[in-house]
Amino acid sequence: MAGITFNNVRKIYPNGVVAVQSFSMEIADREFVVLVGPSGCGKSTTLRMIAGLEDITDGELYLGDRLINDVAPKNRDISMVFQNYALYPHLTVFDNIAFGLKLRRVPRKIIRQKVEDVAKVLDLGDLLQRKPKALSGGQRQRVALGRAIVREPAAFLLDEPLSNLDANLRTQMRSEIKKLHYQLGATFVYVTHDQTEAMTMGDRLVVMKDGFIQQVDTPQNLYDHPCNLFVAGFIGSPKMNTLEAMLERRDGSLIAVFDGGELTIPASRTYDGSLDRYIGKPVILGIRPEDFHMESEHAGIANSCLISARVELSEQIGSGVYLYVKCGETQLIATLPTHGAARHGESVRLTVDCEKLYIFDKDSEEIIA
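Residues numbered from 1 in each chain as written. Predicted model: local features only at pLDDT ≥ 70, side-chain atom pairs only at ≥ 80, totals over all residues. Heavy atoms only, no water.

Colleague: Explain the overall build of the protein to me, please; I cannot follow it from the model alone.
Modeller: Across its full length, the protein carries 9 helices and 20 strands. Along the three orthogonal principal directions, the C-alpha set of the protein runs to about 80 × 45 × 35 Å. Looking at the protein as a whole, 49% of its 369 residues are labelled buried. In the protein, of all internal contacts separated by at least 6 residues, the share reaching a separation of at least 24 is 66%. (Helix = DSSP H or I, 4+ residues; strand = E, 2+ residues; numbered from the N terminus. Buried < 20%, exposed > 50% of the residue type's maximum accessible area, 1.4 Å probe, protein only. Contact = heavy atoms within 4.5 Å.)

The structure is reproduced here in structure tokens:
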């Protein structure tokens, strides 16, 4: 097994498109790292550079202590699992898993033992003589994983491997891949555009946008301490509410005034004076949907504020409800318990937990509080 190190790696295509820019980080041996971001952010290109399927324009890429910029893909000791499984339709499950070992001329007895061991881990023992067309989507994905595992590579690369599966199967396969990581003790680099998938699987997440790394951290730290507005909006489901506000000073308190309401910034956020230079200037407020509560819960939350809104839509999700409301011209979404949720057209008063309020610079979009 081995870690992976990027030193200022760039990828520029011949037509001038910059896919990856100034990518620098270390992926530790045995770590599960997820590259996450919207389509076109450069995450799959980054993965393909590790695999050797894309040339590196600038910078250095190491697998362990070995510089692999110019090493052929077959010599990199890396296995890759693709979105479309890439199974050979005319081969059985056994032969698909064994394909790479046969190319390396591994003895037949060892191939059989390795394939049977992998099939046991992935619960494919009864399917070894079937062909891909006779398998479900989840079974095909496990075969693709088996083909990668049997080679015992230094690192595993997975490029949106669950995107073709239905919601229930994706949830099941997420846990299976994570358990597989624990069992193998290997380095995993996983690409997805699904932030829920990323949050539930990765030891660390690399949030990307327009070819640049925005932030690298644990899932919880990214959620609690986003470095900018993009990360704050991308991590979390439903996404963070954002609204433009003006900061005002009244009777010693700092007030954020927005269309339809106002919120008092807690003293714990203002004691160092870091927000004073924004008084009289526009900022962006961020409020997580789960940091709203109904007015009846107001008394139990310190440093909370009430705002009035009108319900435009409610979505039942079993354990609760997504309440879409309008405060003035400001659209907001709140995640609330099912009991007490209002109906379309009703007026509600919502509590905002201001201790959990985020404030961003309107121009730079960097977090300021």
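Moving on from the coordinates now.
Colleague: How should I be thinking about the environment of lysine 11 in this particular structure?
Modeller: Positionally, lysine 11 belongs in strand 1 (residues 4–12). The exposure class of lysine 11 is buried, given its relative accessible area of 7%. For the pair lysine 11 and lysine 109, spaced 98 residues apart in sequence, the C-alpha separation works out to 43 Å. Setting aside its immediate chain neighbours within four residues, lysine 11 contacts Val17, Val18, Ala19, Val20, Thr45, Met49, Glu54, Asp55 and Thr57.

Colleague: How should helix 3 (residues 108–121) be read in this particular structure?
Modeller: Side chains that are three or four residues apart share a direction in an α-helix, a result of its 3.6 residues per turn. Look at helix 3: 20 Å from first C-alpha to last across 14 residues, which is about the 20 Å you get at 1.5 Å a residue. Within helix 3 the residues assigned to the buried category are Ile111, Val115, Val118 and Ala119. Take helix 3 and look down its axis: the buried residues cluster within an arc of 100°, on one side only. For helix 3, the exposed residues set more than 90 degrees away from the buried face come down to Lys109 and Lys120. (Expected span 1.5 Å × (residues − 1). Arc of directions from axis to C-beta.)

Colleague: It is not clear to me how the pattern of salt bridges should be interpreted in this structure. Could you clarify?
Modeller: Pairing is possible between side chains of opposite charge, provided their charged atoms come close. Taken as a whole, this structure holds 17 salt bridges when the rule is applied. For the salt bridge of glutamate 197 with arginine 170, the shortest nitrogen-to-oxygen distance reads 3.3 Å. Residue glutamate 197 is located in helix 6 (residues 195–201), and its partner arginine 170 is located in helix 5 (residues 167–184); the two are separated by 27 residues in the primary sequence. Arginine 170 shares its class with glutamate 197; the two are buried. Taking the shortest distance from any N to any O, the salt bridge between arginine 250 and glutamate 262 comes out at 3.0 Å. Remark: glutamate 262 occurs in strand 13 (residues 261–265) and arginine 250 occurs in strand 11 (residues 241–250); sequence separation between them is 12 residues. With a relative accessible area of 36%, glutamate 262 lands in the partly exposed category. (Salt bridge = Lys/Arg side-chain N within 4 Å of Asp/Glu carboxyl O.)

Colleague: Mind showing me how you'd approach the packing of aromatic side chains here?
Modeller: All told, the structure shown has 7 aromatic pairs when counted by the stated rule. Here the aromatic cluster, defined as three or more aromatic residues joined through ring pairs, consists of Phe32, Phe156, Phe188 and Tyr190. One cation-aromatic arrangement involves arginine 288 over tyrosine 223; the distance from NZ or CZ to the ring centre is 4.0 Å. (Phe/Tyr/Trp six-rings, centres within 6.5 Å; stacked < 30°, edge-to-face > 60°. Lys NZ or Arg CZ within 6 Å of the ring centre and 35° of its normal.)

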